[in-house]
Amino acid sequence: MGSPLRAFVRIAAYLTLTAALFPMQAFALKFNKPLSVRLPVFYHRTRTRILGFQVRVHGRMHAKPPVLFACNHTSYSDIAILGSLLPASFVAKAEVAGWPLFGVLAKLQRTVFVDRRATKATKQRDEMIRRLENGDNLILFPEGTSSDGNAVLPFKSALFSVAQVEPHGRPLLVQPVSLAYTRLDGMPVGRALRPYFAWYGDMTLAPHFWEVAGLGHTTVDVVFHSPVTIAGYESRKALADHCQAVISRGVSAANAGRLDALPPVSTS
């Protein structure tokens, strides 16, 4: 479906952008924290344009940090799309740190790497709490892995443990976010075409990235739902179940072209 020439041009432009901003972000991390937060947003915004993604935003992002954003996960492209909208760092599985290029970029965006071993859980939770108390926003993929984009997988409630903290004495806001790849060159993306965008299972990264880069213009719908706190739920599992249900409805509505049917968003 894709064009090899388009893929080559886009990837060349993407690598040029990355090479140009790499040292700037490294410098900002050491000497200028505000710039180290703003620069990744610019980088991801430019990157999404280079790769042909048109991002449509629905609802309102909660503006005052710290916020824990919880989103469904379809592909590595989710990173660029969410990063183009949110001044935030990601929470990712530890294996990402070793990925070629993407692992280095993740470290430059101050990603919190989560090891699945129980012995590491307390240290990782403490790091996330420290970052939130310092006023950082975090983006969490509670499915723990990527899906095929047709449905949202069950959420891992353990990843919501940080929602129980109260940075500076205030309940932590958790904002659910739905992300769906909905159109290719203006035509609806049906169930059969979603694997062209989704990266999951045993797919190999490089060939998949080449294929995605060769596609036309892709429309991505991002839906910000009403933020909540754990105070309104009996447990972190109940909070995780709520977020999963809300995000799942958003993904289903976006895939079906029925986003207007979703309830209005409250940012309070």
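Colleague: How should the side chain of serine 75 be read in this particular structure?
Modeller: In this structure, serine 75 sits in the loop between strand 2 (67-71) and helix 3 (77-83). Look past the residues within four positions of serine 75 in its chain and what remains in contact with it is Ser146, Tyr181, Phe197, Ala198, Trp199 and His208.

Colleague: Looking at this model, I keep getting lost on the packing of aromatic side chains. Mind explaining?
Modeller: Working definition: an aromatic ring pair is given by the centre-to-centre distance plus the angle between the planes. Considering all chains together, one arrives at 11 aromatic pairs under this definition. Geometrically, the ring pair formed by phenylalanine 69 and phenylalanine 224 is edge-to-face, given 6.4 Å between the ring centres and 75 degrees between the ring planes. Highlighted residues: phenylalanine 69 in strand 2 and phenylalanine 224 in strand 8 (residues 218-224), separated in sequence by 155 residues. The class for phenylalanine 69 is buried, based on a relative accessible area of 0%. Residue classification places phenylalanine 224 among the buried residues on the basis of a relative accessible area of 2%. Among the aromatic side chains, those forming a connected cluster through ring pairs are Tyr14, Tyr76, Phe102, Trp199 and Phe209.

Colleague: In this structure, what is going on with the pattern of salt bridges? I would like to understand it.
Modeller: It is possible for side chains of opposite charge to pair when their charged atoms get near one another. The final tally for this structure, using the stated rule, is 7 salt bridges. A salt bridge links arginine 56 to aspartate 221; the nearest nitrogen and oxygen atoms lie 2.9 Å apart. Here arginine 56, found in strand 1 (residues 53-58), pairs with aspartate 221, found in strand 8; they are 165 residues apart in sequence, far enough to count as distant. What makes arginine 56 partly exposed here is its relative accessible area of 33%. By relative accessible area, which is 1% here, aspartate 221 ends up buried. Two residues, lysine 237 and aspartate 241, come together in a salt bridge whose shortest N-O distance is 3.0 Å. Highlighted residues: lysine 237 and aspartate 241, both in helix 7 (residues 236-256), separated by 4 residues, approximately one helical turn. Connected via shared salt-bridge partners are Lys33, Arg110, Glu127, Arg130, Arg131 and Asp136.

Colleague: Would you mind going over the nonpolar core with me for this structure?
Modeller: For soluble globular proteins, nonpolar side chains are generally found buried alongside one another. Counting 37 residues, the largest nonpolar core has Leu82, Leu179 and Val222 as its most contacted members. Elements that contribute at least two residues to this core include exactly helix 1 (4-31), helix 2 (33-50), strand 2, helix 3, helix 4 (102-108), strand 6 (173-184), helix 6 (205-213) and strand 8. With sequence-adjacent residues up to four places away left out, leucine 179 is seen in contact with Cys71, Asn72, Asp78, Ile81, Leu82, Val220, Asp221, Val222 and Val251. Membership of the second largest hydrophobic core comes to 25 residues, among which are Phe155, Val162, Ile230 and Val251.

Colleague: Quick question: what am I supposed to make of unusual backbone geometry here?
Modeller: It is generally the case that most residues other than glycine have a negative phi and that most peptide bonds are trans. With an omega of 0 degrees, the peptide bond running from proline 65 to proline 66 counts as cis. Relative to the helices and strands, proline 66 is located in the loop between strand 1 and strand 2. Not every positive phi belongs to a glycine, and arginine 110 is a case in point at roughly 60 degrees. As for its position among the elements, arginine 110 is in the loop between helix 4 and strand 4 (112-114). One non-glycine residue with positive phi stands out, namely aspartate 185, at about 50 degrees. Inspection of the secondary structure puts aspartate 185 in the loop between strand 6 and strand 7 (187-188). The class for aspartate 185 is exposed, based on a relative accessible area of 52%.

Colleague: Where do I start with the side chain of serine 77 in this structure?
Modeller: Topologically, serine 77 is positioned in helix 3. For serine 77, a relative accessible area of 7% translates into the label buried. If near-sequence neighbours (up to four positions away) are discounted, serine 77 is found in contact with Phe53 and Tyr181.

Colleague: Would you explain helix 6 in this entry?
Modeller: Side chains of residues three or four places apart in an α-helix project in the same direction, reflecting 3.6 residues per turn. Turning to helix 6, its buried residues number three or more, namely Leu205, His208, Phe209, Val212 and Ala213. Across the axial projection of helix 6, the buried residues extend over an arc of 135 degrees, all falling on one side. The exposed set on the far side of helix 6, more than 90 degrees from its buried face, consists of Ala206 and Pro207. Considering only its buried residues, helix 6 is in contact with helix 1, strand 1 and helix 4.

Colleague: Help me out: how do you make sense of the environment of glycine 214 in this one?
Modeller: Tracing the backbone shows glycine 214 in the loop between helix 6 and strand 8. Classification of glycine 214 as buried rests on a relative accessible area of 2%. Between the alpha carbons of glycine 214 and alanine 180 there is a distance of 19 Å; along the sequence they are 34 residues apart. Sequence-distant contacts of glycine 214, that is, excluding residues within four places in its chain, are made with Gly2, Ser3, Arg6 and Ala7.

About the criteria used
Residues numbered from 1 in each chain as written. Predicted model: local features only at pLDDT ≥ 70, side-chain atom pairs only at ≥ 80, totals over all residues. Heavy atoms only, no water. Helix = DSSP H or I, 4+ residues; strand = E, 2+ residues; numbered from the N terminus. Contact = heavy atoms within 4.5 Å. Phe/Tyr/Trp six-rings, centres within 6.5 Å; stacked < 30°, edge-to-face > 60°. Buried < 20%, exposed > 50% of the residue type's maximum accessible area, 1.4 Å probe, protein only. Salt bridge = Lys/Arg side-chain N within 4 Å of Asp/Glu carboxyl O. Core = buried A, V, L, I, M, F, W, Y, C linked by side-chain atoms within 4.5 Å. Arc of directions from axis to C-beta.

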